[in-house]
Amino acid sequence: MRKKIIAANWKMNLTIGEAEAFLDTFLLEIGEESGADIVIAPAFTALSKVAERLSKSSTIKLAAQNMSFEKSGAFTGEVSAAMLRDLYVRYVILGHSERRTLFGETDEIVNKKVRAAHEASLKPILCVGETLAERDADRVEEVLETQLRGSLAGMNSKEIAETVIAYEPVWAIGTGRVASPEQAQAAHAFIRKTIALIADPSVAEKIRIQYGGSVKPDNAKTLMSQPDIDGALVGGASLDPRAFTEIVKAAASCE
Ligand code: PEP
């Protein structure tokens, strides 16, 4: 039985003060809920304050939204895995479609980052997903397989099992256009089948695969009730502490 994992991707939103206001409400609303793993990914600037506020929580973990694959040195503007570890970060979102399309991240770059994360004992949340043009051209499986093979190259079974995969169809991110539970389930089942080939069937059985793309309180439970959907990566709705609480509770209530 895989425990559901819900992650908030705040993107370039919430200053330190706004992050604190979010937590004031969220920590009250969420209480002792532990039926799902909860991960929050603030902007780099708010990591330290959010880490401080979460230090007493055993159920909510901290994530970064990106990191460098380099260990240290002359890389102006970059942040290393060790720097994230300093702030008690446990997860790092890698290969998000915004990083791929706006900042030119290829599978090769994403692979270097995923490997650097594991080396530093950070758990990657690896995002994969097709564009609308790729879906319309019937290329979903080809795209997912290429991204998975490229991004997970050279990793051992233990590392792959500890990676969280986020299936995020690009056409559903921030658009309000959500994949149907059947479309999402089909993609997740394909991802699991591909992981069995890249690693082995026991890794495929263990690995958690989140759905991401316009997840809201009213669609979360139906999506996460699908057999291969193990949680959600939430953008827009994660900025509202009450909406995010409802999504976590929906996850915790799934059989
Ligand atoms: C995301 O950016 O990872 C995402 C899923 O965003 P949204 O929930 O806003 O579609």
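Since we're looking at a predicted model, the values are computed, not measured. (Residues numbered from 1 in each chain as written. Predicted model: local features only at pLDDT ≥ 70, side-chain atom pairs only at ≥ 80, totals over all residues. Heavy atoms only, no water.)

Moving on, we come to the site of the ligand. Residues in contact with the ligand amount to 14 residues; listed here are only the nearest, K11, H96, E168, G174 and S214. In this structure, an oxygen atom belonging to the ligand sits 2.6 Å away from a main-chain N or O atom of G174. In the model, an oxygen atom of the ligand is placed 2.8 Å from a nitrogen or oxygen of the G236 main chain. Tallied by class, the residues present in the shell around the ligand amount to four nonpolar, eight polar and two charged. (Near = heavy atom within 4 Å. Polar contact = N/O pair within 3.5 Å; in protein donor to acceptor, adjacent residues only side chain to side chain. Nonpolar A, V, L, I, M, F, W, Y, C, P; charged D, E, K, R; others polar.)

For helix α9 (residues 181-198), which comprises 18 residues, the first-to-last C-alpha distance of 25 Å matches the rise-based estimate of 26 Å (1.5 Å per residue) to within 8%. Within α9 the residues assigned to the buried category are P181, A184, Q185, A187, H188, F190, I191, R192, T194 and I195. (Helix = DSSP H or I, 4+ residues; strand = E, 2+ residues; numbered from the N terminus. Expected span 1.5 Å × (residues − 1). Buried < 20%, exposed > 50% of the residue type's maximum accessible area, 1.4 Å probe, protein only.)

Turning to helix α1 (residues 16-30), a few remarks are in order. With 15 residues, α1 extends 20 Å from end C-alpha to end C-alpha; this agrees with the ideal 21 Å at 1.5 Å per step. For α1, the full list of buried residues reads A19, F22, L23, T25, F26 and I30. Where the residues of α1 are buried, they touch β2 (37-41), α2 (44-54), β3 (60-64) and α12 (241-252). Trailing α1 by a residue or two, G31 shows a phi angle of about 55°, which is positive. (Contact = heavy atoms within 4.5 Å.)

When you line up the elements, R2 lands in the segment before β1 (5-9). According to the relative accessible area criterion, R2 is buried, its value standing at 17%. There is a polar contact of 3.2 Å between the side chain of R2 and the backbone oxygen of P227. A polar contact of 2.9 Å, which involves the side chain of R2, links it to the side chain of D230. For R2, the residues in contact, after removing those within four places along its chain, are R192, E205, K206, I207, R208, P227, D228 and D230.

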